[in-house]
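Next come the chains, spelled out residue by residue.
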Amino acid sequence: MFKKSWVFPLLSSVFVLSACSDVKDANKENFSKAIQEALDTQKAVCITLPVANVQPADDSALKIGDVVLLDRGIQSGAEIQQADFLESLGFFTKENKMLALKRMWGEPTEEKVAVYSETDKIKPYLVEQSNAFSSSRKLCSGRAVVEQIVNFTEPGEQGGVKASQVNYRIAIKDLADWATSPTFEQIYPRAKPTESELNKTSILILTNEGWKVNL
């Protein structure tokens, strides 16, 4: 009876300890969680909004976010195609009009341009990014999720930092309809990762709060 009274408590203790993984352990579960936290800080698929290829002589004639495009044939073909696609989604309205345009030399001249104005429909997907050198406005959708941790190196320490290289695979989910259309893929062929680009590698470092992606 004495032995039996200790068997079950001991087994329960072992089970509890094994079920509670330390966040500092080097394992697939902890690495997957750390990588997913990093992936959740950004959208999976982004495209840059078209940029004006001419400048009106009077900026007050435009609203913030308006894009003015002058058809210059091949030079502006891609930008106009992109802007027209976004207009077809309801993200832009388009107005063909005559505008006085600035010239590097000489007086402004009037030319026929297309003015694309943003609508409220674009706002849920609009992401503005800036740094000390530049800024950009993008349309983004979807999220990347960790599909599989393939393998990782045994953690090594250098300069007081313990790190591991982790190879993993992601999947793209929750894309808006516009980002899955054949037209989108034709106009923005590099927006989505290719099959091989779904395979990723990141360096994870050990902190007092567990493993973190080294950004």
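Residues numbered from 1 in each chain as written. Predicted model: local features only at pLDDT ≥ 70, side-chain atom pairs only at ≥ 80, totals over all residues. Heavy atoms only, no water.

Novice: Would you take a moment to explain the packing of aromatic side chains for this structure?
Specialist: Any two aromatic rings considered together are summarised by their centre-to-centre distance and by the angle between their planes. This structure, assessed with the given rule, holds 10 aromatic pairs. Between phenylalanine 85 and phenylalanine 184 the ring centres are 6.4 Å apart and the planes differ by 45°, which places this aromatic pair in the tilted class. Taken together, the residues span a long stretch of sequence, with phenylalanine 85 in helix α3 (residues 74-88) and phenylalanine 184 in helix α4 (residues 182-187) at a distance of 99 residues. Relative to tryptophan 178, the ring of tyrosine 125 lies with its centre 5.4 Å away and its plane at 85°, an arrangement referred to as edge-to-face. One end of the pair, tyrosine 125, is in the loop between β4 (109-118) and β5 (126-130); the other, tryptophan 178, is in the loop between β9 (161-173) and α4, and 53 residues separate them in sequence. With a relative accessible area of 8%, tryptophan 178 lands in the buried category. (Phe/Tyr/Trp six-rings, centres within 6.5 Å; stacked < 30°, edge-to-face > 60°. Helix = DSSP H or I, 4+ residues; strand = E, 2+ residues; numbered from the N terminus. Buried < 20%, exposed > 50% of the residue type's maximum accessible area, 1.4 Å probe, protein only.)

Novice: Looking at this model, I keep getting lost on the environment of leucine 206. Mind explaining?
Specialist: On the secondary structure map, leucine 206 appears in strand β10 (residues 199-207). For leucine 206, a relative accessible area of 26% puts it in the partly exposed group. Residues leucine 206 and glutamate 157, 49 residues apart in the sequence, show an inter-C-alpha distance of 9.7 Å. Not counting residues up to four positions away in its chain, the partners in contact with leucine 206 are Lys24, Lys162 and Trp211. (Contact = heavy atoms within 4.5 Å.)

That's the geometry; what it means functionally is another story.
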